[in-house]
Amino acid sequence: MSKPVNMAATASTASPLFLRETELRRGLELLYFGYSHLTRSIDQGLADEGLGRAHHRALYFIARKPDMTVSELLSLLAITKQSLGRVLNELADRKLVETRPGERDRRQRLLRLTAAGAKMESELFEAARQRMSAAYVSAGQNAVSGFWAVLEGLVPEEERSQVIALRG
């Protein structure tokens, strides 16, 4: 039986040679495994409802920006119109998302969670929040700020305004 690893001790300080391949691979591996475990914390709730990660991403971003247009969501998710159409139709059929025409342009479809959709998104977020909170507490404020800076650096400059717009 293997001994538990103290992740705080193993992740404490980056090497001053942080741009070397071994350090970059370590970061990529940690990003992969961290994301994998974070999404697993949400997957059971999705599976219970017969939904997948694409449904979760749509619910999450619609919750973050009510009355978002379908075009805005399409741009955020970077998936095909056909894929998003399937996801939105299923969420609408389950009464989790509702659409209404735009105020200025009636051709626009504005998206909003229903009460049931908001409840589901909140429950799914709670599973992720617990895992993220524990990791943040373990890492500390400076590490969290550094983590945000690294992740933001992965987003192309021309797309960062979309991320900033979600902050409200």
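This report concerns the structure included in the present document. Just so it is clear, the model here is predicted, and its values are computed rather than measured. (Residues numbered from 1 in each chain as written. Predicted model: local features only at pLDDT ≥ 70, side-chain atom pairs only at ≥ 80, totals over all residues. Heavy atoms only, no water.)

In this section: a nonpolar patch on the surface. A surface patch of nonpolar side chains, amounting to about 400 Å² of accessible area, comprises Leu-28, Leu-31, Val-150 and Leu-154. Relative to the assigned elements, Leu-154 resides in helix 7 (residues 141-154). (Patch = residues over 30% accessible without salt bridge, like charges linked within 9 Å, V, L, I, M, F, W, Y side chains within 5 Å. Areas by Shrake-Rupley, 256 points an atom, 1.4 Å probe, with all protein chains shown as cover. Salt bridge = Lys/Arg side-chain N within 4 Å of Asp/Glu carboxyl O. Helix = DSSP H or I, 4+ residues; strand = E, 2+ residues; numbered from the N terminus.)

The next point concerns the pattern of salt bridges. Within the structure shown, the criterion is met by 12 salt bridges. Residues Arg-107 and Asp-105 are paired through a salt bridge, measuring 3.1 Å at the closest nitrogen-oxygen approach. Its relative accessible area of 26% is what places Asp-105 among the partly exposed residues. Through salt bridges with shared partners, one network takes in Asp-67, Arg-100, Glu-103 and Arg-112. (Buried < 20%, exposed > 50% of the residue type's maximum accessible area, 1.4 Å probe, protein only.)

Mapped onto the elements, Thr-80 comes out in the loop between helix 4 (70-77) and helix 5 (81-93). Judged by relative accessible area, Thr-80 falls into the partly exposed class, the value being 49%. Distance from Thr-80 to Arg-104, taken between C-alpha atoms, is 25 Å for residues 24 residues apart in sequence. For Thr-80, the side chain forms a polar contact with the side chain of Ser-83, separated by 2.9 Å. (Polar contact = N/O pair within 3.5 Å; in protein donor to acceptor, adjacent residues only side chain to side chain.)

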